[in-house]
Amino acid sequence: MASESSPLLAYRLLGEEGAAFPPNGAGGSGVASARKLSTFLGVVVPTVLSMFSIVVFLRIGFVVGHAGLLQALAMLLVAYIILALTVLSVCAIATNGAVRGGGAYFMISRTLGPEVGGSIGLMFYLANVCGCAVSLLGLVESVLDVFGADATGSSGLRVLPQGYGWNLLYGSLLLGLVGGVCTLGAGLYARASFLTFLLVSGSLASVLVSFVAVGPRDIPLAPRPGTNSSSVPPRYGHFTGFNSSTLKDNLGAGYAEDYTTGAMMTFASVFAVLFNGCTGIMAGANMSGELKDPSRAIPLGTITAVAYTFFIYILLFFLSSFTCDRTLLQEDYGFFRGISLWPPLVLIGIYATALSASMSSLIGASRILHALAQDDLFGVILAPAKVVSGGGNPWGAVLYSWGLVQLVLLAGKLNTLAAVVTVFYLVAYAAVDLSCLSLEWASAPNFRPTFSLFSWHTCLLGVASCLLMMFLISPGAAGGSLLLMGLLSALLTARGGPSSWGYVSQALLFHQVRKYLLRLDVRKEHVKFWRPQLLLLVGNPRGALPLLRLANQLKKGGLYVLGHVTLGDLDSLPSDPVQPQYGAWLSLVDLAQVKAFVDLTLSPSVRQGAQHLLRISGLGGMKPNTLVLGFYDDAPPQDHFLTDPAFCEPTEGTKEGGSPSLSTLFPPPRAPGSPRALSPQDYVATVADALKMNKNVVLARACGALPPERLSRGSGSSSQIHHVDVWPLNLLRPRGGPGYVDVCGLFLLQMATILSMVPAWHSARLRIFLCLGPREAPGAAEERLRALLSQLRIRAEVQEVVWGEGAETGEQEEEEGDFVNGGRGDEEAEALACSANALVRAQQGRGTGGGPGGPEGRDGEEGPTTALTFLYLPRPPADPARYPRYLALLETLSRDLGPTLLVHGVTPVTCTDL
């Protein structure tokens, strides 16, 4: 190979992962039809061939000649440390369960999920396709260096015509040979690999013997490309035999121009070429479906192959440094032929390794493609790759890959693509390390590999080293590969993938959430960091969709739980009817785009079920502190599924994939006049139960009338200004204008402020109303409230309103929650509620440019309207017999007010300190 003139990068990626046989005998005939492969044939042989490739014959002199022996050994050690770290991760994952077809893709996708696994699997497939093409082009150029018509070496036979068309023809013919072997099945490939292994081993043995048996000689060097051989005197490299002076001269680095490309070599460029010649470590793991004992064969065979190739590389480095001067090493990368006892045997080794590398890449690519097609991640575009023969050989994927390799061959030399291919392999290796690291950090009980010579430290170091090598080899290719992986992951995320594989991300989240929940100590809670944690009880989500979204806006990053009570007694049922309902409720959460958990329970009554949910929902320091209920009135329920765009299904009854739609999973709304699952008595009792359990209560009425833009997740920019009105005093029990607000009033202010911090409500103006008694001077209470708002950092408009009728009646009340003292009290309480309702309605139309009674002012100009009203919710009466009367008063108080939240807070939630 003295006349080798092909550019350096053309040989950088010659051969990669071995064949990934289909699972359970899905391969062709012979050894692939059952688990018959031994450790040697199934793991050692393909891994050794993949790790040697053509570099072992054509780049030993390049590495030692430029880097010197010491740096070459350091490079080799670093490269093999990086590979060994990945080998440990491969062995750990491979011995934790059956690795079926797809090799690295299968490991990554079943660990990190289809989005990451599918994107890296496709990149790994393309790397194998391009690696096959590079191997074939390298083989063509190696053949033409000896047999080509334009061969410049003294030993060239010059019988084969050359040129782009001829080179493409030779590459296509070799591809036909390789594709034919792979199409006939993995069994034939396994036998061909063993034959190739014998040829390569024999060739290497002849080289090793030649270093000892051949005496000193001068080896003629071919002229550098672009020079006139007739005008340049002949040059010679010297094979000195074992000589200490030669070793001394070769110890240090001597970086010079590469004679094939003219580029100046550096440590990074030489290291990149050496590293590319050492890859191929997952060839044995890809054959797990055909191994007799995968859990033993993969670790033992892979480590044996790595150790064997490492020893051969070190031996060749030492022998070259002892016997060849630097001129020979730097000017003739194919010097093995010049020193060989029988040069044709070296040629056989070169051709055998290149042919083996191309077969390995093609059959590996076909198995990866078949696995991708079987998982249906990329749709119909990969459908032809699903076709298999009667014996299970995926010949459709082989032909698919064959065609792609042929297209790549049309591009000719792949010098620039070689770096990209290497980076793709390193991305796959880093992903395998990341998969093992994730499994280790997740501490999943089912992750118990029989191979234990690894830890999270080795996995983390493996990820870091692979990423470092990517950017060392080619920063541009590394950045491009990561960008491509991100785009493919986004595409697969948009398409949606199978959820039955198991996501290690969920295990990691569980592990971390459990750890931090234990550290979330309720004894360390402080009012400064209080946030609402809501439990919204929903009977039928069809009528509660606006409330569901409004509660999502009120949570302010806190816990949000959707609770539902199914009526029934488990003793009389054959199975729990609640568990099958979780899927529908989780789909509801996804479609409504709310950040909520789902908690369902079975109970004989809604009240008892609400008690269960209030007690047991949440975990540790994350438990609901506020109960949210829809208002109990006679308004006919609406079906918001019919009008909300997110719930308008394109098909009736089923969605794509055949899963039932939400329209069939949730029953139609209750017909007007039909019996309810919850009585008025139990409804008020549920409110009373929550307050007894020290939970805040929010009753929501007419949320379906909220402006749609206020329930969206957008910025809330609207041409129409809206108000949020807050009445922080108990309108059913005024105390003659106290000029202050209590704990419940402050809770109202906090909830209204939280809502105003939501983007959709940024443009809404907060208004706070103070009621003045008949004998109270205006201004004093407003000043006190403004001072309080300043301390609480709440920006709001404060308005005083005169409260006359019913004030004296309210002052006579002594027991909180009692509204009546006999028959006459009922009438007075009703009148008080009507008066309060009229007062609130009168203020809803007042504002900048607005007038009373509606959104239009006295001048006919459109003014701000009230989008939402916060009212003080009084405590229910102590006597359960008065519950219906209490509910009737609430109905009167909130009648025709539009969207309204009646709120009662029992815990301090505001703080004036830093």
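Computed from a predicted model, the values in this text were never measured in an experiment.

Section: the overall build of the protein
Phase 1: For the protein, the helix and strand inventory stands at 28 helices and twelve strands.
Phase 2: The burial tally for the protein puts 55% of its 914 residues in the buried class.
Phase 3: When the accessible surface of the protein is summed, it comes to about 37,100 Å², and 61% of that surface belongs to carbon and sulfur atoms.

Structural notes on a positive patch on the surface
Phase 1: A grouping of Arg514, Lys515, Arg519 and Lys524 is seen on the molecular surface, where their side chains present a positively charged patch.
Phase 2: In this fold, Arg514 is placed in helix α18 (residues 504–519).
Phase 3: Look at Arg514 and you get partly exposed, because its relative accessible area is 39%.

Digging into the layout of surface pockets
Empty space among the atoms becomes visible once a probe the size of a water molecule is rolled across them.
Phase 1: Roughly 1,600 Å³ of internal volume is contained in the largest pocket.
Phase 2: Considering the residues around the largest pocket, the lining is formed by 49 residues, among which Gly539, Asn540, Gly543, Ala544 and Pro637 are closest to the centre.
Phase 3: Here the lining of the largest pocket takes six residues from helix α19 (residues 541–554), the largest share from any one element.
Phase 4: Of the residues in the lining of the largest pocket, the class split is 33 nonpolar, twelve polar and four charged.
Phase 5: Its volume calculated, the second largest pocket comes out at about 770 Å³.
Phase 6: Residue classes in the lining of the second largest pocket are distributed as 13 nonpolar, nine polar and nine charged.

With respect to the nonpolar core
Phase 1: Residues Phe57, Phe211, Leu316, Phe317, Phe336 and Val405 are the most contacted members of the largest nonpolar core, which totals 151 residues.
Phase 2: Element by element, the count of residues in this core is highest for helix α3 (residues 60–94), at 20 residues.
Phase 3: Non-local contacts of Leu316, meaning those with residues more than four positions away in its chain, are made with Val56, Ile60, Leu204, Val207, Leu208, Phe211 and Phe336.
Phase 4: In terms of nonpolar packing, the next biggest core, distinct from the first, is built from 67 residues, Val589, Leu746, Ile754 and Leu770 among them.

Overview of the state of the cysteines
Phase 1: Within the structure shown, the criterion is met by zero disulfides.
Phase 2: The cysteine Cys130 is free of any disulfide, with Cys132 supplying the nearest cysteine sulfur at 9.8 Å.
Phase 3: Classification of Cys130 as buried rests on a relative accessible area of 11%.
Phase 4: For Cys459, which is in no disulfide, the shortest distance to another cysteine sulfur is to Cys436 and amounts to 3.5 Å.

Observations concerning the sheet that holds strand β11 (residues 865–872)
Across a sheet, strands are paired by hydrogen bonds formed along the backbone, either parallel or antiparallel in direction.
Phase 1: Read across the open sheet, the ten strands follow the order β5-β4-β3-β6-β7-β12-β11-β8-β9-β10; overall the sheet is mixed. Only two strands of the sheet have a single partner each, and these edge strands are β5 (597–603) and β10 (797–802). The mean inter-strand angle of the sheet, taken between neighbouring strand axes irrespective of direction, is 25°.
Phase 2: Direction of pairing for strand β3 (residues 534–537) relative to strand β4 (residues 560–567): parallel, over a ladder of four bridges. Across the sheet, Leu536 pairs through a bridge with Leu562, a residue of β4.
Phase 3: Lying on the sheet, helix α21 (residues 606–616) is in contact with β3, β4, β5 and β6 (626–630); it crosses β5 at an angle near 135°.
Phase 4: Helix α23 (residues 680–692) rests against β6, β7 (696–701) and β12 (900–904) of the sheet, and its axis sits at about 170° to β6.

A look at unusual backbone geometry
Phase 1: In this model, Asp376 sits at a positive phi of 55°, which is unusual for a non-glycine residue.
Phase 2: In this model, Gln593 sits at a positive phi of 60°, which is unusual for a non-glycine residue.
Phase 3: Mapped onto the elements, Gln593 comes out in the loop between α20 (582–592) and β5.

Regarding the pattern of salt bridges
Two side chains of opposite charge can pair, provided their charged atoms sit close to one another.
Phase 1: Enumeration over the complete set of coordinates arrives at eleven salt bridges.
Phase 2: The shortest N-O distance in the salt bridge between Asp376 and Lys386 comes to 4.0 Å. Of this pair, Asp376 sits in the loop between α13 (343–375) and α14 (395–409) while Lys386 sits in the loop between α13 and α14; the two residues are ten residues apart in sequence, bridging distant segments of the chain.
Phase 3: With a relative accessible area of 40%, Asp376 lands in the partly exposed category.
Phase 4: Here Lys386 falls in the partly exposed class, since its relative accessible area comes to 33%.
Phase 5: Arg767 is the salt-bridge partner of Asp725, the closest N and O atoms lying 2.9 Å from each other. A residue pair is termed long-range when its members are at least 10 positions apart, and Asp725 in strand β8 (residues 722–727) and Arg767 in strand β9 (residues 765–772) qualify at 42 residues. The pair Asp725 / Arg767 is uniform in exposure class, with both members buried.

Re the confidence of the model for the protein
Phase 1: This prediction gives the protein a mean pLDDT of 80; 82% of its residues lie at or above 70.
Phase 2: A low-confidence stretch, residues 651–659 (pLDDT under 50), is modelled with ten contacts involving residues beyond four sequence positions or located in other chains.
Phase 3: Every residue in residues 848–861 scores below 50 in pLDDT, and together they form 28 contacts with partners more than four places removed in sequence or on other chains.

Thoughts on the environment of Ala222
Phase 1: Here Ala222 lies in the loop between β1 (217–221) and β2 (235–239).
Phase 2: For Ala222, a relative accessible area of 13% translates into the label buried.
Phase 3: In this structure, the C-alpha to C-alpha distance between Ala222 and Glu331, residues 109 residues apart in sequence, is 8.2 Å.

The rules behind these values
- Counting of residues starts from 1 at the beginning of each chain's written sequence and follows it residue by residue.
- Since the coordinates come from a predicted model, pLDDT governs what is reported: local features require at least 70, and pairs of side-chain atoms require 80 or more to be given and counted, while whole-chain, interface and lining totals use all residues.
- Here the side-chain values reflect all heavy atoms present in the structure, with hydrogen atoms and water set aside.
- The helix count covers DSSP runs of H or I at least four residues long, the strand count covers runs of E at least two residues long, and both are numbered beginning at the N terminus.
- Relative accessibility decides the category of a residue: with a 1.4 Å probe and only protein chains considered, values under 20% of the type maximum give buried, values over 50% give exposed, and everything between is partly exposed.
- Note on areas: Shrake-Rupley with a 1.4 Å probe; residue coverage comes only from the protein chains shown.
- Each patch is built from residues that are more than 30% exposed by relative accessible area and take part in no salt bridge. Like charges join if they lie within 9 Å; nonpolar side chains (Val, Leu, Ile, Met, Phe, Trp, Tyr) join within 5 Å.
- For salt bridges, the criterion is a side-chain nitrogen of Lys or Arg within 4 Å of an Asp or Glu carboxyl oxygen.
- Asp and Glu are treated as the negative residues and Lys and Arg as the positive ones, with His and the ends of the chain left uncounted.
- Where a charge lies is defined by one atom per residue type, namely NZ (Lys), CZ (Arg), CG (Asp) and CD (Glu).
- Space inside and on the surface of the protein is sampled on a 1 Å grid over the protein atoms alone, with a cavity defined as a set of points where a 1.4 Å probe fits but cannot get out and a pocket as an open set with protein on both sides within 12 Å along at least 5 of 7 lines; lining residues have an atom within 4 Å of a point.
- Grid points are joined across faces, edges and corners, and a volume is the space filled by probe spheres set on the points.
- Polarity classes work like this: nonpolar for Ala, Val, Leu, Ile, Met, Phe, Trp, Tyr, Cys and Pro, charged for Asp, Glu, Lys and Arg, and polar for all others, with Gly in that last group.
- Residues grouped as a nonpolar core are buried Ala, Val, Leu, Ile, Met, Phe, Trp, Tyr and Cys residues, joined through side-chain atoms within 4.5 Å.
- Contacts were defined at the residue level, with two residues in contact if any of their heavy atoms lie within 4.5 Å.
- In what follows, a disulfide is any cysteine sulfur pair within 2.5 Å.
- Any two strands between which DSSP finds at least two bridges are classified as paired.
- Note on geometry: axes are lines fitted to C-alpha atoms, helical ones only across the stretch in contact, with angles between N-to-C directions running from 0 to 180 degrees.
- pLDDT: the predictor's confidence for each residue, scored from 0 to 100.

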